[in-house]
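# Overview (structure and organization)
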Amino acid sequence: MLKKYQIQEYKKNGIIKIKKLLKKKDINKILKNINLLFLNELKNKKLIDKKKQVNLLENPKYLDKYRKIYPSEYNNLTLKVMQKFLEVYNIGSTNKILSLVKCLGLKSPAFSTDPLIMLNSKFTNNKQGMGYAPYHQDWRTIQGSLNCLVIWVPLVKILSNMGSIFYLPSTHKKGLFKTKKHSWFETIPLSNSEIAREKKDNLEIGDAFIFSSFLVHRSAINKSNKIRVSLQYRFNDLAEQSYIQRNFPVNYKHAEPKKKIITKNFPKEKDLKSIF
């Protein structure tokens, strides 16, 4: 449960820091599954010897090579497959997290998007992503309940040159800011005086930022040789009146299947016999 001063801080600044939100064993399981996913794929593509065991998150040169040779496959793993880990959904549905969310005013919390595992490094980011997100408000892409909030958790130690979350306190009270086009998506143009109010707090592994989806924030460029791994949850409130009146809008395509078979001439009868 949150203390009264934490709830007041959230209402005032639009963001609070929670120490040790995730357990180390849960974080290690997620990291292990990420590594196993990519390791199986790189061995399948013969980019790594089948007998070799390597921590790919600590050796990003392998992922960089894979991304350059197989960009669409890399995007499929990072943007789709990796986001479906069961433990990520289980963690986001624990009483601990739901109690925090409810303390901050969400009476009937629900995921607004799939949980997001983010990999950021100078090796693995494409030019469009640029390895960072400029000033933005998450609500612009979510467009859910007005009290929609975000939980952001680093799963690895964030060094000073790896980039983190920078934010402008109390901007969550100022409505939806105007934006302009940007190679990342869109960005909020700000004056120098507004930028001068920017703040940053250091997080340890498993700590979390919880912030309003209207808070203006950015993530800095990862200039290190390491991969910054973070986990993000976004929650809407199914009981928030404007959300109900707007017919619960969902601004993301969800589970829209392709009409064609992805792998040509697969599966055949013999393939199923090997399984059953």
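Residues numbered from 1 in each chain as written. Predicted model: local features only at pLDDT ≥ 70, side-chain atom pairs only at ≥ 80, totals over all residues. Heavy atoms only, no water.

## Side note on the overall build of the chain
Using the following cut-off: Only DSSP runs of H or I reaching four residues or more are called helices, and only runs of E reaching two or more are called strands; each is numbered from the N terminus. C-alpha atoms define the radius of gyration in this analysis, and the globule rule sets the expected value at 2.2 Å times the number of residues to the power 0.38. Relative accessible area decides the class of each residue, using a 1.4 Å probe on protein chains only: under 20% of the type maximum gives buried, over 50% gives exposed, and in between gives partly exposed. Residues are treated as being in contact if the distance between any of their heavy atoms lies within 4.5 Å. Working convention for charge: Lys and Arg count positive, Asp and Glu count negative, and His plus the chain ends are omitted. In plain terms, the charge of a residue is placed at NZ if it is Lys, CZ if Arg, CG if Asp and CD if Glu.
The helix and strand inventory of the chain stands at ten helices and eleven strands. On C-alpha atoms alone, the chain measures out to a radius of gyration of 20 Å, which is about the 19 Å that the 2.2 N^0.38 rule sets for 276 residues. Taking the principal axes of its C-alpha atoms as reference, the chain extends roughly 60 × 40 × 40 Å. Residues counted as buried form 46% of the 276 residues belonging to the chain. Long-range contacts, defined as pairs at least 24 residues apart, comprise 82% of the intrachain contacts of the chain with a sequence gap of at least 6. In the chain, which carries 53 positive and 21 negative side-chain charges, the distance between the mean positions of the two groups comes to 2 Å.

## Regarding the state of the cysteines
Stated precisely, the cut-off is as follows: The criterion for a disulfide is a pair of cysteine sulfur atoms lying within 2.5 Å.
Within this structure, the stated rule accounts for zero disulfides. In this model cysteine 148 remains outside any disulfide bridge; the closest cysteine sulfur is found in cysteine 103, 17 Å from its own.

## Section: the packing of helix H2 (residues 24-44) against helix H4 (residues 71-79)
To keep things clear, this is the line we draw: Only the stretch in contact is used when a helix axis is fitted, and all axes are lines through C-alpha atoms; the angle between N-to-C directions ranges over 0 to 180 degrees. Small angles under 35 degrees read as roughly parallel and large ones over 145 as roughly antiparallel, with 65 to 115 read as roughly perpendicular and the rest as oblique. Note on convention: near helix rotated counterclockwise from far helix by under a right angle means a left-handed crossing. Clockwise means right-handed. Three residue categories are used. Nonpolar comprises Ala, Val, Leu, Ile, Met, Phe, Trp, Tyr, Cys and Pro, charged comprises Asp, Glu, Lys and Arg, and polar comprises the others, including Gly.
Running from N to C, H2 and H4 point in directions that differ by 160 degrees, and their axes come no closer than 11 Å. Judged by the inter-axis angle, H2 sits roughly antiparallel to H4. Read as a crossing pair, H2 and H4 show a hand that is right-handed. Residues Leu37, Phe38 and Glu41 of H2 form the contact with H4, whose own contacting residues are Glu73, Tyr74, Leu77 and Thr78. When grouped by side-chain class, the residues that make up the contact of H2 with H4 number four nonpolar, one polar and two charged.

## Thoughts on the sheet that holds strand S4 (residues 133-136)
We count it as follows: Two strands are said to pair when DSSP picks up at least two bridges between them.
Ordered in space as S4-S10-S6, the three strands form an open sheet in which the pairing is antiparallel. On the outer flanks of this sheet lie S4 and strand S6 (165-167), each paired with one strand and no other. With direction set aside, neighbouring strand axes in the sheet form an average angle of 15 degrees. Two elements, S6 and strand S10 (residues 217-219), share three bridges in a ladder whose sense is antiparallel. Bridge pairing in S10 places tyrosine 167 opposite histidine 217.

## Looking at the confidence of the model for the chain
Put simply, the rule reads: The predictor reports its confidence for every residue as pLDDT, a score running from 0 up to 100.
With 96% of its residues at a pLDDT of 70 or more, the chain has an overall mean of 91. Contacts of residues 126-131 to residues separated by more than four positions or lying in other chains number 13 contacts, the stretch itself having pLDDT below 50.

## Here's the deal with the side chain of threonine 171
Heads up, the condition is: Two N or O atoms count as a polar contact when they lie within 3.5 Å, although within protein this holds only if one can serve as hydrogen donor and the other as acceptor, and sequence-adjacent residues are included solely when both atoms are side-chain atoms.
Relative to the elements of secondary structure, threonine 171 occurs in the loop between S6 and strand S7 (180-181). A polar side-chain atom of threonine 171 sits 2.6 Å from the main-chain carbonyl oxygen of leucine 168. Leave out the neighbours within four places in its chain, and threonine 171 touches Gln137, Phe177, Arg197, Phe214, Leu215 and Val216.

## Re the pattern of salt bridges
Where we set the bar: For this document, the term salt bridge refers to a Lys or Arg side-chain nitrogen within 4 Å of an Asp or Glu carboxyl oxygen.
According to the stated counting rule, one finds nine salt bridges in the structure shown. One salt bridge connects lysine 45 with glutamate 41, and the closest N-O pair in it is separated by 2.9 Å. By relative accessible area, glutamate 41 is classed as buried at 14%. With a shortest N-O distance of 2.7 Å, arginine 218 and glutamate 198 are connected by a salt bridge. Here arginine 218, found in strand S10, pairs with glutamate 198, found in the loop between helix H8 (192-195) and strand S9 (208-212); they are 20 residues apart in sequence, far enough to count as distant. When its relative accessible area of 22% is taken as the criterion, glutamate 198 is described as partly exposed.

## As for the nonpolar core
Put simply, the rule is: By convention a nonpolar core is built from buried Ala, Val, Leu, Ile, Met, Phe, Trp, Tyr and Cys residues, the set being connected through side-chain atoms within 4.5 Å.
With 50 residues, the main nonpolar core has Phe38, Ile151 and Val229 as its most contacted residues. Considering each element in turn, this core owes the most residues, eight residues, to H2. Apart from the residues lying within four places of it in its own chain, the contact partners of valine 229 are Leu31, Ile34, Leu57, Ile117, Met118, Leu119, Val153, Pro154, Leu155 and Val156. Formed by nine residues, the second largest nonpolar core is a distinct cluster that contains Ile15, Val150, Ile165 and Tyr167.

## Some thoughts on a positive patch on the surface
Selection criterion: Distance thresholds for patches are 9 Å for like charges and 5 Å for nonpolar side chains (Val, Leu, Ile, Met, Phe, Trp, Tyr), applied to residues having over 30% relative accessible area and no salt bridge. Each accessible area is a Shrake-Rupley estimate made with a 1.4 Å probe; only the visible protein chains count as cover when residues are assessed.
A cluster of like positive charges, contributed by Lys12, Lys173, Lys174, Arg197 and Lys199, occupies part of the molecular surface. With respect to the helices and strands, the residue lysine 12 is situated in helix H1 (residues 4-13).

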